[in-house]
Amino acid sequence: MTYDPRSLVRRTRNPASVSQPVSSPIQTSVVYRSTDADELDAQYEGRLQGYTYSREGHPNATIVGEKIDWLEGLTEADGKGTITSSGMAAVSTMLLALLNRGDHIVAGDQLYGRSLRLMTQDLPRLGFECTLADPTDVAAIKAAIRPETKMIVVEVVSNPTLRVADMAGIAALARARGLMLVVDNTFTTPRAWRPFDHGADIVIHSLTKLLAGHSDAMLGYVAAKTPEHNKALYDAAVTWGFAPSPFDCWLTERGLTTFDLRYDRAEANAAALADALADMPGVARVLYPGRADHPDHNRAGDLLKGRNGNMVSFTLKGGRKTVNTFLRAAEHIAFAPTLGDVGTTLSHPASSSHRGLSEERRAALGITEGFIRTSVGVEDVDMLIHEIASAVEQSTKAGGA
Ligand SMILES: *Cc1c(COP(=O)(O)O)cnc(C)c1O
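Below you will find a few notes about this structure.

Rules and cut-offs
Residues numbered from 1 in each chain as written. Predicted model: local features only at pLDDT ≥ 70, side-chain atom pairs only at ≥ 80, totals over all residues. Heavy atoms only, no water. Salt bridge = Lys/Arg side-chain N within 4 Å of Asp/Glu carboxyl O. Buried < 20%, exposed > 50% of the residue type's maximum accessible area, 1.4 Å probe, protein only. Near = heavy atom within 4 Å. Polar contact = N/O pair within 3.5 Å; in protein donor to acceptor, adjacent residues only side chain to side chain. Areas by Shrake-Rupley, 256 points an atom, 1.4 Å probe, with all protein chains shown as cover. 1 Å grid on protein atoms, 1.4 Å probe; cavity = no way out; pocket = protein on both sides within 12 Å on 5 of 7 lines; lining within 4 Å. Sits in = over half its atoms within 2 Å of the grid points. Helix = DSSP H or I, 4+ residues; strand = E, 2+ residues; numbered from the N terminus. Pairing = 2+ DSSP bridges. Phe/Tyr/Trp six-rings, centres within 6.5 Å; stacked < 30°, edge-to-face > 60°. Points joined across faces, edges and corners; volume = space filled by probe spheres on them.

Here's the deal with the pattern of salt bridges
For step 1, the next point in the chain: Taken as a whole, this structure holds 18 salt bridges when the rule is applied.
For step 2, the next point in the chain: Between Glu45 and Arg47 there is a salt bridge, and its shortest N-O distance comes to 2.6 Å.
For step 3, the next point in the chain: We classify Arg47 as exposed; its relative accessible area is 57%.
For step 4, the next point in the chain: One salt-bridge network, held together by shared partners, links Arg191, Asp264, Glu267 and Arg307.

Encoded structure:
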């Protein structure tokens, strides 16, 4: 092979190979070359499949999108979901694609913090209104509906108190009133609950969390149950510029290969940790939907059928000093405000996700200084329980508020 040295700048074609790579290549190319204008026409008109510009789609996004479509039960006839650069980009895509000026939203009052901010602080500036209501109480959701209400936005299991929404009641209400039902399924994942099977019109994910699972990729997903809505979601994501990075898609694809194994292991660990916590003298209260003492235990049983997830919250007896001692003592468990990592992580809502709320509002939700949220990982459960028990014991001994 001889090259004219002046031609180094020219791109080479992929080397020929009859054998194909086993793992997906990361395709970072922003643009794709077509043969001629007729071929490009055919691509744009959908007669030929081909990528053009990576904001509009690339192979790594297609691979992840098809896997999540499959997990959520989307069929060929429904169209395809859209992969976005983050979970929040998916929430934004949904709102920008489906709402018109003057529309009103009813949203769960314990949604993810940034979703709440977007709907209650940023959207009003653009001419949309939002009313928050308690999704465990369908009468409260119903009371919030106005003539101009367009959609209901909920999460199935709330953060961080793990309350379980009345999804059957809300889905029936949305259907009766002709409202779109939007479900952020990040916490539950399709392994626990598939919103499209229960009347949802739109499903949103932060793939950053359990589905990618390693705290190294940021990605979102949004899909609808009709091709028209899926096209509107795709067009909004492309136009507003919420394109995902190929590398994050590649990492997410890799994370997905072990999703069901990780989920099942983390869930079993969470159930065991919740029971162990309930027996610790330094712990005032444990919240896990699988436990009989959880306020929504019966609904969790009906809805999730034993898939109670990997999140456990508990309250230490004591205040900030006790919490600090506990967090330092649990030195091998990351104190980090995320969830769904392979390793267990701890968060303290009063100083992070819920710091913006007044103390009274936090108290009303049951989020005191001693409240800890645990995203349980896949490590050896005996080791995990031992580490947590030892940290709780040290925090109790340290005493004080
Ligand atoms: C994290 C999260 C989001 C936002 O996702 P990012 O990928 O961080 O943008 C949205 N909803 C829920 C329920 C989340 O946990």
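Let's pick the thread back up.
Topic: the site of the ligand
For step 1, the next point in the chain: In the vicinity of the ligand, the residues found are Ser86, Gly87, Met88, Tyr112, Glu155, Asp184, Thr186, Ser206, Thr208, Lys209 and Leu339.
For step 2, the next point in the chain: One nitrogen or oxygen atom from the main chain of Met88 is found 2.9 Å from an oxygen atom belonging to the ligand.
For step 3, the next point in the chain: Contact between the ligand and Thr208: an oxygen atom at 2.7 Å from a side-chain N or O atom of the residue.
For step 4, the next point in the chain: Compared with its free state, where it exposes 380 Å², the ligand has 94% of that area covered by protein.
For step 5, the next point in the chain: When each cavity is represented as a set of grid points, the ligand is found to reside in the second largest pocket.

Considerations on the pairing of strand E7 (residues 220-224)
For step 1, the next point in the chain: Counted residue by residue, E7 has 5 buried out of 5 residues, so it is predominantly covered.
For step 2, the next point in the chain: Side chains Gly220, Val222 and Ala224 of E7 all project onto a buried face; the interleaved residues Tyr221 and Ala223 project onto the opposite face, where all are buried too.
For step 3, the next point in the chain: Taken together, the 3 bridges between strand E1 (residues 82-84) and E7 define a ladder with antiparallel strand orientation. By the bridge assignment for E7, Thr84 is matched with Gly220.
For step 4, the next point in the chain: Examined bridge by bridge, strand E6 (residues 202-206) and E7 share 5 bridges and lie antiparallel to one another. Within E7, the position partnered with Ile204 by the bridge is Val222.

Some words on the packing of aromatic side chains
For step 1, the next point in the chain: Scanning the model with the defined rule gives 4 aromatic pairs in all.
For step 2, the next point in the chain: A ring pair is formed by Tyr32 and Tyr51, whose centres lie 5.5 Å apart and whose planes are at 40°; its orientation type is tilted. With a gap of 19 residues between them, Tyr32 in the segment before helix H1 (37-44) and Tyr51 in the loop between H1 and helix H2 (59-72) connect regions that are remote in the sequence.
For step 3, the next point in the chain: By relative accessible area, Tyr32 is classed as partly exposed at 21%.

A closer look at the layout of surface pockets
For step 1, the next point in the chain: Roughly 1,000 Å³ of volume is contained in the largest pocket.
For step 2, the next point in the chain: Lining the largest pocket are 31 residues; nearest its centre among them are Gln49, Glu56, Gly57, Lys80 and Tyr234.
For step 3, the next point in the chain: Looking at the lining of the largest pocket, the elements that each hand over two or more residues are H1, H2, E1 and helix H8 (227-240).
For step 4, the next point in the chain: Top element by residues in the lining of the largest pocket is H8. It accounts for 6 residues.

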